[in-house]
Amino acid sequence: MAEGCVLVLDAGTTSGRCLLFDRNGTVVASAARAWTLSAGRDESPYAREFDPVDLWETIRRLIAECVGRAGRSAQDISAVSATSQRQAVVFLDDAGRELYAGPNTDLRALFEGAAIDDEMRARVYRTTGHLPSFLFAPAKLRWFQLHRPEAYGRIASVLTLADWLLWRLTGVLAAEPTLAGEAGLLDINRRDHCSDMLADLGLLSNDHIPLVESGTVVGGVSGGAAQQTGLRTGMPVAAAGADTQCGLLAMDVTAPGQVGIVAGWSCPVQMVTGAPALSDDLRTWAGCHLYRTAWVAESTAGDAGHSYDWLAGTMGKIGPSGLAEMEHLAAGVPIGSDGVAAFLGQSRMDMGNVGLRAGGLVFPVPLTFDEVGQGHLARACLEATAYAIRANLEQIEQIAGLPCLNLAVGGGMSRSETFLRILTNVLDRELRASNEPNVSALGAFRCAMVALGEYADVQEAGKGSVPRTRRLDPDTAESAEYEELFQQWCRMAAGLEDIPL
């Protein structure tokens, strides 16, 4: 058994987190800070950027805060690993200086991505498993090529956000396949760089960066990084992977037909497959699993925690106490929210038809008949997320050609017992819920334990998390009631799609 703790950096969509796990996978201490983003240099109204100096300073402070809260020293930490939001990338010059660091919410390449899809949509999808291109690194490279040609000419390397964190810690350039795949930088069929596709797009290649499998030691903490972070020089730094795939590992979603839901800011539904599973109409995504012989088919339910947090803030429910109040309010409302329905971005995935659409909160009027309260809105939002998850689960079963053999859920929304009950009954299936909501970080911890020799490989590492889930069974009567409500929500969602904006 590996001695000491494992430190995990989890660079999420809205914030960075640092968690310290003991050798049994229990969180000893954690710290979180919201990201600071800028709008770039005004070349695009859709641009969002990190300041790399501020980004690294945030990480440095998170490490110090987390280790301090645990009352530990650097000598108590055996290894460090990192996972991150998907689509976030960093461009480096040949001296290792950051030219650009962008989150997954940076949409500056909207038009450049559309041009790439006009050129070779089918090829991009077959190669990378992902569309539309404006979300991914190749389109961002083209944006720099057109709008910042001087900076583009200096780009030497493209790293995903988690791989950049490992580089900052070790000085070693490496690319983990699930991260590279989710950034549009990988031929997912061969699990290798998509250099030919990039060349045909007139973009620079990234194939000088070695691909390193999850659970591999990338290098040791450098002297400079040790001085900045307080970590021990030479401490092993392990590759993990994309946050959603790390979440699958934490929930032991590793065999074909198994499905994992990471219900956080967004809500990806991923099924493990034995080969890339692509949809004929480009609706869904395909990517790599953390281990070499498996892939994932993905149908994302869209805004989940994001829409719920927005609703909470709009109603003045701020912070942990506000979310606790939302939970209480939602739990006090009956199934179906007395006719209130939410359409706040939760939907069936269709990446071949992306754009703004009508949404909102729908409820019976006149209000003199039955006044709508805050609890109705809160529960309707949770129910909408559950409906969207069901729609996407059924879609991914059809596209992958596999039935869902078992189903697991984790992520921030899994902290809500009300949501878990709603989801189980809407799905009308047995559900395994993670007792540790931070499944992405827990998966990265498992990868670090592989690197330390605790497990033979990442597939074996996933088995270590089985006792950390609990079984939830649907209530027959409530599931029957939700069946008609789900169908009604789908019909209303389809009607909203016909409203022009």
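## Let's talk about the sheet that holds strand E7 (residues 89–92)
Inference 1: The antiparallel open sheet is built from three strands, whose spatial order is E8-E7-E9. One side of each edge strand has no neighbouring strand; the edge strands of this open sheet are strand E8 (98–102) and strand E9 (157–160). Direction aside, neighbouring strands of the sheet carry axes that sit 15° apart on average.
Inference 2: Set on the sheet, helix H3 (residues 137–147) makes contact with E7, E8 and E9; between it and E7 the angle comes to about 45°.

## Some remarks on the environment of Leu99
Inference 1: Along the chain, Leu99 turns up in strand E8.
Inference 2: As for Leu99 and Pro268, which are separated by 169 residues in sequence, their C-alpha atoms are 30 Å apart.
Inference 3: Not counting residues up to four positions away in its chain, the partners in contact with Leu99 are Phe91, Leu92, Asp93, Ala151, Arg154 and Ile155.

## Considerations on the environment of Ala88
Inference 1: Here Ala88 lies in the loop between strand E6 (77–84) and E7.
Inference 2: Of the residues examined, Ala88 reaches a relative accessible area of 1% and is grouped as buried.
Inference 3: Distance from Ala88 to Leu159, taken between C-alpha atoms, is 8.7 Å for residues 71 residues apart in sequence.
Inference 4: Every residue in contact with Ala88, bar those within four places of it in the chain, is listed here: Gly102, Pro103, Asn104, Leu159, Thr160 and Leu161.

## Thoughts on the side chain of Ser299
Inference 1: If you trace the backbone, Ser299 turns up in strand E17 (residues 295–303).
Inference 2: Look at Ser299 and you get buried, because its relative accessible area is 0%.
Inference 3: Side chain to side chain, Ser299 and Asn392 meet in a polar contact 2.5 Å long.
Inference 4: Only 2.8 Å separates the side chain of Ser299 from the side chain of Gln395, close enough to count as a polar contact.

## Some words on helix H10 (residues 305–314)
Inference 1: Here H10 has its buried residues at Gly305, Ser307, Tyr308, Leu311 and Ala312. End-on, the buried residues of H10 take up no more than an arc of 165°, which puts them together on one face.
Inference 2: Check the buried side of H10 and you find it contacts E17, helix H11 (319–331), strand E19 (360–362) and helix H12 (374–400).
Inference 3: Of the residues one or two after H10, Gly316 is the one with positive phi, at around 80°.

## A closer look at the packing of aromatic side chains
Inference 1: Enumeration over the complete set of coordinates arrives at 12 aromatic pairs.
Inference 2: Summarising the aromatic geometry, the rings of Phe136 and Trp285 are spaced 5.6 Å apart at their centres and angled 70° between planes, so their arrangement reads as edge-to-face. In this pair, Phe136 is assigned in the loop between helix H2 (110–128) and H3 and Trp285 in strand E16 (residues 285–288), connecting sequence segments 149 residues apart.
Inference 3: Taken together, a centroid distance of 5.2 Å and an interplanar angle of 70° make the contact between Trp143 and Phe144 edge-to-face. Of the two residues examined, Trp143 and Phe144, each falls in the buried class.
Inference 4: Lying across the ring of Trp143, Arg108 places its NZ or CZ 4.7 Å from the centre.

Calculation notes
- Residues numbered from 1 in each chain as written.
- Predicted model: local features only at pLDDT ≥ 70, side-chain atom pairs only at ≥ 80, totals over all residues.
- Heavy atoms only, no water.
- Pairing = 2+ DSSP bridges.
- Helix = DSSP H or I, 4+ residues; strand = E, 2+ residues; numbered from the N terminus.
- Axes fitted to C-alpha atoms, helices over the stretch in contact; angles between N-to-C directions.
- Contact = heavy atoms within 4.5 Å.
- Buried < 20%, exposed > 50% of the residue type's maximum accessible area, 1.4 Å probe, protein only.
- Polar contact = N/O pair within 3.5 Å; in protein donor to acceptor, adjacent residues only side chain to side chain.
- Arc of directions from axis to C-beta.
- Phe/Tyr/Trp six-rings, centres within 6.5 Å; stacked < 30°, edge-to-face > 60°.
- Lys NZ or Arg CZ within 6 Å of the ring centre and 35° of its normal.

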